[in-house]
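Geometric and topological summary
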Amino acid sequence: MKRLISFAAFVFLLVFPYIFLPANVDKSRPFLKGRDKTADFRKSFSGLSLFLDLSSPSEINFQLDWEDKIKLSGNYVLAHKDLKVAAFFKDIDLTNFSAFVKNFDLRKGYIKKGDLNLEGRGPYLLRGNLEIRDIFFVKEGKELRGDLDLSPQITFSKERGLDYYLSYRIKNTRFLNCEDIQAKGFFRKDELILEAGCLNYKGIPWEVKGDVRDFSHPKIKLNAANSLLSLEAKAEYNKEEWVVEELILQGKDTKIFAKGSIALKEKPQIKIEGAGYIEFNDILEVIKAFNLNYTQLTKLNPHGKLNAKFIVSGGTDAKNLEIKLAGKSEKLSIYDLWLSKVNIELYKDKNTLTISPFLANLGEGKIEFRGKFDFLTNNATVNLIANRVELKNLMEQLNLKNKKLAGKLSFEAYLENDKFPKWDRFNGQGSIQIEEGNIWEINFLRGLGEFLFIPDFEEIKFSQGYSDIFFKEGSIILENLELTSSQMSLTGGGKIIVKPPYHPPIKGDVDFLLFPEFNSGLISASVGLKKTITDFLGKSGLAIEIKGTFNKPKYKIKSLLFSPLKRITDFFEGLLDNR
């Protein structure tokens, strides 16, 4: 009877493998229904075989087999309370135990093989290996698949309680947009270590390592890197809030330092503030590599380095984040235009983005941009000012063929758009002024010299050029146009119906009516011009109609003999009606 009492010391040994039995085994049926009077005890049912050797007065030997899937053997020395158990597992379907798994749906998985050894006399040590394959969990619609190798080392004693060390290796795992997840590390009391890991996110391989320490007051370190970016983070959990002590994002020529907090409320809130420098080439490479949809940024095609300070706050939904940014750049390219001494301030709240101001030098001139974009209503308002920008420098940067185009451009426009980002829906007005200029090589003006028989037309420079300008859903309307030089002047107006793309070089249809005046020297220098003026000025005055396309205009001298004032009025009223 004494040996049976001592046998209770390893009853848990029979319970341990028993939990791995499939659901169709009757767990309410006891293994032992009493005591056999012989020294050996054997019992078999439902594929389960149990053997106990009670022949020795000092120890108990035992074996348990279940369908060659679980094999367990060992002995227990009564005097020393010394227990030794060796367990082997093979091809055990884990879905048989899904009823015992809480918080997620276990749909697939099995223990391919495993071996565990338990020994000791208090404390007890359990160690070994388990190979778990084809795990498939589902929680809240999110799937986790993969393989897992475990090597536990667990110590238990009445005095010291439970202590454990568990090394792990994760292989061939998929989760969300991450594939081919591989990781190895260990887990022990108050510490989870990721020694090395890698994953593939949208075709980009990442290397990851990190650790979590002090589970009652967690502290996290994380390092992640790929060929384009690296990320370092340190965070600590404090009173339902993660405090981000350090966040470093680094690219080839980009480095950002930040810190902040994540409040774990019903709707988590974040606040991150930081500073650093951003190289736009790095950003564009990331967008391209990750196939991200930032169409407007890629259209701007920015290049250069921006030194910036920023604050990001709000919910975890990127669309609802509030962003404040102030940046400076010595040299920055947008739409292939190189700007210097750039200053920018922007603010984004839930539905709007405000840029106010964007200031920069373009050549020896200055530009200023202010805008507000409402993503909820698709409304946009823009104010653009350019002051004495060198046209020659502008044309060279845009790689246009009008190499002789020159002068200092000043421009101001206020625009509105109710269908942003459709660029052809901008409406508004402004003015344009050119000083000390030569703009005859603008496509639709270039042919005037040949048409009017003016020698060296392209060399004519004017001291002043001015026009009011209106924008109406893809059309540019010029009114009160006036170009003045010592040789000739032009007044009038017209319209350009712009065709996409809506940035230089401009393409579209033109419709202009211009009224030239010439000095006597220019008239004397050209027999053809003298004849044209004689034919028309003697009758009705001279007006030139320009139609066709911006690149291939057609010219025609208009006769104003009959009701010249009405013809002029009708033309400009037509422009006004189209505003």
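My aim in this report is to walk through the structure given alongside it, one point at a time. (Residues numbered from 1 in each chain as written. Predicted model: local features only at pLDDT ≥ 70, side-chain atom pairs only at ≥ 80, totals over all residues. Heavy atoms only, no water.)

**Points about a nonpolar patch on the surface**
A cluster of nonpolar side chains, namely Leu 144, Phe 175 and Leu 176, defines an oily patch on the protein surface of about 260 Å² accessible area. If you trace the backbone, Phe 175 turns up in strand E9 (residues 161–175). On the basis of relative accessible area, Phe 175 is assigned to the partly exposed category, the value being 32%. (Patch = residues over 30% accessible without salt bridge, like charges linked within 9 Å, V, L, I, M, F, W, Y side chains within 5 Å. Areas by Shrake-Rupley, 256 points an atom, 1.4 Å probe, with all protein chains shown as cover. Salt bridge = Lys/Arg side-chain N within 4 Å of Asp/Glu carboxyl O. Helix = DSSP H or I, 4+ residues; strand = E, 2+ residues; numbered from the N terminus. Buried < 20%, exposed > 50% of the residue type's maximum accessible area, 1.4 Å probe, protein only.)

**A few points about unusual backbone geometry**
The linkage connecting Ser 356 with the following residue, Pro 357, adopts the cis geometry, with an omega of 0 degrees. A positive phi is found at Leu 176, a non-glycine position, where the angle reads about 55 degrees. Looking at the secondary structure, you find Leu 176 in the loop between E9 and strand E10 (178–188). Positive phi, close to 55 degrees, is recorded for Arg 388, a residue that is not glycine. Examined against the element boundaries, Arg 388 turns out to sit in strand E23 (residues 379–390).

**Remarks on the packing of aromatic side chains**
What describes a pair of aromatic rings is the distance from one ring centre to the other and the angle between the planes of the rings. Under the defined criterion, the tally for this structure stands at 6 aromatic pairs. When the ring of Phe 187 is compared with that of Phe 215, the centres are 5.7 Å apart and the planes differ by 25 degrees; the resulting orientation is stacked. Here Phe 215 lies in the loop between strand E12 (204–213) and strand E13 (219–225) and Phe 187 lies in strand E10, a separation of 28 residues in the sequence. Take Phe 215: its relative accessible area is 32%, and that puts it in the partly exposed class. (Phe/Tyr/Trp six-rings, centres within 6.5 Å; stacked < 30°, edge-to-face > 60°.)

**Here we look at the environment of Lys 252**
Its place among the elements puts Lys 252 in the loop between strand E15 (241–250) and strand E16 (255–263). In the structure, Lys 252 is positioned 26 residues away from Ile 278 in sequence and 9.9 Å away in space, judged by C-alpha atoms. Setting aside residues no more than four positions away along its own chain, Lys 252 makes contact with Leu 228 and Asp 282. (Contact = heavy atoms within 4.5 Å.)

**Considerations on the nonpolar core**
Counting 66 residues, the largest nonpolar core has Phe 358, Ile 367, Ile 439 and Leu 514 as its most contacted members. Sequence-distant contacts of Leu 514, that is, excluding residues within four places in its chain, are made with Leu 445, Leu 448, Leu 481, Leu 490, Thr 491, Gly 492, Gly 493, Ala 543, Ile 544 and Ile 546. Among the nonpolar cores identified, the runner-up in size contains 32 residues, and Phe 62, Trp 66, Tyr 76 and Ile 111 belong to it. (Core = buried A, V, L, I, M, F, W, Y, C linked by side-chain atoms within 4.5 Å.)

**A word on the pairing of strand E20 (residues 337–348)**
As paired strands, strand E19 (residues 322–334) and E20 are joined by 11 bridges and run antiparallel to one another. Looking across to E20, one finds that Ala 326 is bridged to Glu 345. Taking the residues between adjacent antiparallel strands as the criterion, E19 and E20 are bridged by 2 residues, where Tyr 335 takes a positive phi near 55 degrees. Inspection of the sheet shows E20 paired to strand E21 (residues 352–362) by 6 bridges, in the antiparallel sense. Looking across to E21, one finds that Ile 344 is bridged to Phe 358. What sits between E20 and E21 in their antiparallel hairpin is a turn of 3 residues. (Pairing = 2+ DSSP bridges.)

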